[in-house]
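Structural description and commentary
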Amino acid sequence: MRNRFGFILVKPQLGENIGASARALKNFGFSKLSIVKPRDGWPNVKAKATSVGAYEILKKAKMFDSTSEAVEDFDLIFSTTARKRDINKKHLSFIQFLNLLRKRKNQRIGILFGPESSGLSNHDLSYSNYIIQIPTKKNFSSINLSHSVLLVCFEIFKLINFKNFLVIKLCSKSLMTLFFADIPYFLTNFLFFITYNIFFFISLTLPTLWKKPVFWFIIASLSPYIFEQREGIPHEAASITTF
């Protein structure tokens, strides 16, 4: 799935950004990196130094003399920009970009990133099907090249792996109230090995804890599953404490 995505750096200026971009690709399981006419030539010592454990991506990176050559292997091209561009291309929000990727599951996707100083030229943008903008603060929208690559990689990674992200349903306060109301019953009827002194201490402190914000903060994120099983707790406790 990840192999259908390619990342194209057009005329990057700093070797450090090339290396950091390769590292970003590896962080999220991507491997296809293309570079169009890097300013300082290739190979680049600084790129190797900043790539850290992603040097194999740099070694396999494809070099091109023009953007037109770099995009030939892809079915769909997205260009990234920090500002609205005056060109006859559809501009997509980041959410629209991700929704479109969901629909184009079998296509080879190329993503263009421009040079650090000026971004992609209109000529480069003409090779794209869509233009995407990473949402930022309006009066400071410029993002470092490698940071832009990392953000795009991260969002696509989430899109591919969304089923692996656990969604936790928070428990209602009414269900928690029922659960904690049952605690004295559990203690007195089943956990008889707890002394009356300890029970007396709990009886005094539980109402106090109930009123403390920290207490609610701790239990606010508990899963409903825990509370829904409260009727089964006495049976488990009974089986443990029966001699």
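Up top you'll find the structure we're talking about.
The sections below set out a description of the structure shown in this document. (Residues numbered from 1 in each chain as written. Predicted model: local features only at pLDDT ≥ 70, side-chain atom pairs only at ≥ 80, totals over all residues. Heavy atoms only, no water.)

A closer look at the pairing of strand β1 (residues 5–10)
- Burial within β1 is extensive, with six of its six residues counted as buried.
- Direction of pairing for β1 relative to strand β6 (residues 109–113): parallel, over a ladder of five bridges. Across the sheet, F5 pairs through a bridge with I109, a residue of β6.
- As paired strands, β1 and strand β2 (residues 32–36) are joined by five bridges and run parallel to one another. Its bridge partner being in β2, F7 is matched across the sheet by L33. (Buried < 20%, exposed > 50% of the residue type's maximum accessible area, 1.4 Å probe, protein only. Helix = DSSP H or I, 4+ residues; strand = E, 2+ residues; numbered from the N terminus. Pairing = 2+ DSSP bridges.)

Concerning the nonpolar core
- If you look at the biggest cluster of nonpolar residues, it comprises 36 residues, and the most contacted ones within it are F7, L33, F78, F97, L101, V152 and I156.
- In terms of residue count, the dominant contributor to this core is helix α7 (residues 145–160) (six residues).
- In this structure, I8, A70, F74 and I131 belong to the second largest nonpolar core, which totals twelve residues. (Core = buried A, V, L, I, M, F, W, Y, C linked by side-chain atoms within 4.5 Å.)

What about the pattern of salt bridges?
- Under the criterion given, the structure shown has six salt bridges.
- The closest approach of N and O atoms between K26 and E56, which form a salt bridge, is 2.7 Å. Residue K26 is located in helix α1 (residues 15–27), and its partner E56 is located in helix α3 (residues 55–60); the two are separated by 30 residues in the primary sequence.
- Taking the relative accessible area as the measure of exposure, K26 reaches 39% and is therefore partly exposed.
- By relative accessible area, E56 is classed as partly exposed at 30%.
- We note a salt bridge from D40 to R39, for which the minimum N-O separation is 3.2 Å.
- Looking at R39, the relative accessible area reads 51%, which means it is exposed. (Salt bridge = Lys/Arg side-chain N within 4 Å of Asp/Glu carboxyl O.)

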